[in-house]
Amino acid sequence: MIAFGASIQGAEAYRRYAEPGIELAREPDSLVYAFAAVEPLARTYNLILDAAAGRDDLEALALVHAHTELTDPRFCSKVREALRDPEVAIVGCAGAWSVRGIAWWEGEVTAGALVQRYEEHGGGELPAYSWTRRGSPPAEVEAVDGQLLVLSPWAVRNLRFDEGLMLNYGFDVDFCLQARGAGRRVVVADLRAVYHRSIELVNDLDVWIAAHVQLAEKWDGTLRGAVEDEHGWKRRARRAEADREAARAIAFSTSLKLDARVLELERDLEEKTSSLSWRLTAPLRALNRWRRG
Amino acid sequence: MIAFGSSITEPDVYSRCAEVGIRRAAEPDSEVRAMPAVGSIFRSYNALLEEFSGRENVEALVLVHQDAEIVEPGFCEIIRSALADPKVGLVGCVGAIGVRSIAWWEASVTCASFINRYEEHGGGDLPSFSWAWNEAPAYARVGEVETLDGFVLALSPWVVRNLRFDERLGEFHGYDLDFCLQAREAGLKVVTADFRAIHYRQLEMVPDPEQWIEAHVRLADKWDGRMGIGAGAGSWRDRALRAEAAADAARLKDHMNELEMQARVRELERALAITTGSISWRLTAPFRRLRRPRPAAPAHLTRRSALQASR
């Protein structure tokens with residue numbers, strides 16, 4: 001039996017996105033563990049794991065974020081295929097190799113047919129992680145995206161999310177590192193889904209930074225290699241501070257380019273809509289709108 | 001005599017930008033040395049210093065990037081006035097205090113009297129916060145700073161004779177900060193003055209991130225906390241973990257910017273498609289063809305804050 005679980009913080013989001021996806025993907029005997037959210041997210045997920053762990057017929061547990069909509073009618077058969085290898089503990093729809101922190105997407109990314117659907121600027125959709133090159137699944141990875149975590153029965157019974165990670169970022173990377181530390185494999189399968197989320201992926205970067213540091217302190221030797229002494233830390237700090245300032249400058253350049261490109265299009269639109277012919281024909285367009293209701 | 005020097009890698013850029021400004025700013029007796037680059041900017045500028053260091057009549061040497069245009073007709077008088085204080089070694093129009101690295105724009109910028117003129121996306125201007133003093137924020141002022149942006153740099157005769165750019169530091173990045181630090185270590189003042197310039201450059205601030213990072217590290221190692229460069233709070237371990245997190249956060253911000261751009265561009269492209277696909281637009285096409293195109297007005301990016309615009 002393939003079970004589904006969700007931590008419901010916003011009931012509306014679950015109703016609109018996760019629930020229809022689960023309905024599409026589930027099989028007749030699938031159980032759905034839809035639990036009210038308890039902070040941190042790791043706590044709710046552990047409650048779901050505790051509930052599912054006792055099921056002898058459990059083949060997999062899919063933890064679905066409330067804003068993730070599964071769109072794959074073959075979800076269950078693909079999950080079974082991915083979990084055929086008993087060494088596989090976690091299956092995701094996106095993940096990466098060479099992960100060095102909670103920003104797993106800075107590694108070598110593998111992702112299936114994932115879409116990010118946003119509501120800003122009139123709404124639209126983009127391929128998820130469109131900013132980076134994405135390899136195609138299946139692939140073994142070091143960590144998968146917590147928007148969808150499919151766990152093997154072994155993972156459900158033997159691993160737990162770290163409730164000490166209080167800021168709800170990095171729980172996915174931590175869980176995958178635990179699985180790999182226990183000698184198990186983490187993979188990405190071609191599971192189709194839509195992420196319904198804002199363009200602003202993280203709304204409080206300071207909190208995200210604190211979470212990054214917290215996970216680095218827990219797993220640092222694993223993620224970036226051990227540092228021997230004070231001199232080693234100094235070299236690493238020097239490099240990291242330079243990298244930070246380069247990354248900020250690059251981000252600022254992107255925002256300038258954004259402004260320049262948008263300004264160019266706005267000028268074009270302004271020129272067209274302020275033309276005499278456009279203004280003269282405004283009544284016709286108004287009439288047309290009225291006619292169409 | 002106020003002399004001007006420029007190191008040239010692209011002669012057409014020099015003639016379009018720096019040469020125009022130097023002509024505008026120079027006095028009848030000014031000497032102008034426009035020299036093909038002889039390697040890194042450190043080495044090229046040192047060659048210019050060597051050329052003028054033995055000259056008794058030099059009141060100042062103004063080093064101008066090939067892509068910078070001085071737009072101040074009274075430039076020489078402004079420089080003379082700034083250098084009237086014998087303690088002043090260097091003068092510029094963009095400067096900051098609280099500087100800890102070559103990313104001086106991350107510090108407290110006090111003066112930024114320039115326009116960044118770009119060519120991408122139809123071109124436009126990014127006026128920095130003290131380009132127009134009547135619109136400048138309260139923190140904008142001229143006076144003593146810790147470092148200057150080197151795109152237009154006026155050097156006192158003492159500096160021309162006694163200081164040299166540190167050629168060990170690389171090809172380009174950080175030459176200006178290091179030179180300002182040397183001047184300050186020698187007891188001189190580094191100041192901004194009220195003149196303006198246009199910097200013709202692309203919107204990409206760090207087109208060569210790896211070189212930039214290496215220069216950042218080399219400069220931090222050279223000064224190693226002296227004059228505040230490379231200083232920071234906490235242990236090296238704390239600093240490393242914090243900076244790694246902040247670097248990833250900046251990259252995440254960059255990704256969000258990209259998503260924002262894609263979404264906004266799509267929105268505007270939809271609006272344009274609706275406009276140009278409408279019956280009324282198509283019906284009136286012959287009238288528009290009869291009209292002569294209007295000259296494009298210069299574009300100004302104004303959405304971002306003045307401080308950001310200086311970066």
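The model shown is predicted, which means the values in this text are computed figures rather than measured ones.

## Observations regarding unusual backbone geometry
Residue and element names in this part refer to chain A.
For step 1, the next point in the chain: Residue P40 is bonded to the preceding E39 through a cis peptide linkage, with omega at -10 degrees.
For step 2, the next point in the chain: In this structure, P40 sits in the loop between β2 (32-36) and α2 (41-53).
For step 3, the next point in the chain: A cis geometry characterises the amide bond from P137 onward to P138, with omega recorded as 5 degrees.
For step 4, the next point in the chain: One non-glycine residue, N168, adopts positive backbone phi at about 65 degrees.
For step 5, the next point in the chain: You can see N168 is positioned in the loop between α4 (153-158) and α5 (171-181).

## Topic: the packing of helix α7 (residues 230-273) of chain A against helix α7 (residues 209-223) of chain B
For step 1, the next point in the chain: Put simply, α7(A) and α7(B) touch, their axes get as near as 9 Å, and they point 135 degrees apart. Taken together, the axes of α7(A) and α7(B) are oblique relative to one another. Taken as a pair, α7(A) and α7(B) cross one another with a handedness that is right-handed. Here A:R235, A:R238, A:R239, A:E241, A:A242, A:D243, A:E245, A:A246 and A:I250 of α7(A) lie close against α7(B), whose contacting residues are B:P209, B:E210, B:W212, B:I213, B:H216, B:V217, B:A220 and B:D221.
For step 2, the next point in the chain: Residues belonging to the contact of α7(A) with α7(B) are distributed by class as follows: 8 nonpolar, 1 polar and 8 charged.

## Section: the packing of helix α6 (residues 175-185) of chain B against α7(B)
Residues and elements named next belong to chain B.
For step 1, the next point in the chain: Between α6 and α7, the least distance of the axes is 11 Å, while the angle of their chain directions is 15 degrees. Between α6 and α7, the angle is such that the two are roughly parallel. Every pair of crossing elements has a handedness; the one defined by α6 and α7 is right-handed. In contact with L177, D178, L181, Q182 and E185 of α6, α7 contributes L219, K222 and W223.
For step 2, the next point in the chain: Looking at the contact of α6 with α7, its residues break down into 4 nonpolar, 1 polar and 3 charged.

## Considering the side chain of B:T284
For step 1, the next point in the chain: Looking at the secondary structure, you find B:T284 in the loop between α9 (279-283) and α10 (285-290).
For step 2, the next point in the chain: Of note is the side chain of B:T284, whose polar atom sits 3.3 Å from the backbone oxygen of B:W281.
For step 3, the next point in the chain: Those residues in contact with B:T284 that sit more than four places away from it in its chain are A:S277 and A:T281.

## Some remarks on the environment of A:P138
For step 1, the next point in the chain: Structurally, the position occupied by A:P138 is in the loop between β10 (134-135) and β11 (139-141).
For step 2, the next point in the chain: Spatially, the C-alpha atom of A:P138 lies 29 Å from that of A:A13, the residues being 125 residues apart in sequence.

## Thoughts on the interface of chain A and chain B
For step 1, the next point in the chain: Listed per partner, the contact involves 72 residues of chain A and 76 residues of chain B.
For step 2, the next point in the chain: For the pair chain A and chain B, the summed buried surface comes to about 7500 Å²; carbon and sulfur atoms form 66% of the total.
For step 3, the next point in the chain: The salt bridge partner of A:K257 is B:E204, with a shortest N-O separation of 2.7 Å.
For step 4, the next point in the chain: At the level of secondary structure, the elements contributing two or more residues to the side of chain A that touches chain B comprise β8 (114-118), β9 (124-127), α6 (205-224), α7 and α8 (276-280) of chain A.
For step 5, the next point in the chain: Top contributing element to the side of chain A that touches chain B by residue count: α7(A), with 41 residues.
For step 6, the next point in the chain: Tallied by class, the residues present in the side of chain A that touches chain B amount to 31 nonpolar, 14 polar and 27 charged.

What counts and what doesn't
- Residues numbered from 1 in each chain as written.
- Chains lettered and ligands numbered in written order.
- Predicted model: local features only at pLDDT ≥ 70, side-chain atom pairs only at ≥ 80, totals over all residues.
- Heavy atoms only, no water.
- Helix = DSSP H or I, 4+ residues; strand = E, 2+ residues; numbered from the N terminus.
- Axes fitted to C-alpha atoms, helices over the stretch in contact; angles between N-to-C directions.
- Parallel < 35°, antiparallel > 145°, perpendicular 65-115°, else oblique.
- Left-handed = near helix turned anticlockwise from the far one by under 90°.
- Contact = heavy atoms within 4.5 Å.
- Nonpolar A, V, L, I, M, F, W, Y, C, P; charged D, E, K, R; others polar.
- Polar contact = N/O pair within 3.5 Å; in protein donor to acceptor, adjacent residues only side chain to side chain.
- Buried area = accessible area lost by both parts, 1.4 Å probe.
- Salt bridge = Lys/Arg side-chain N within 4 Å of Asp/Glu carboxyl O.

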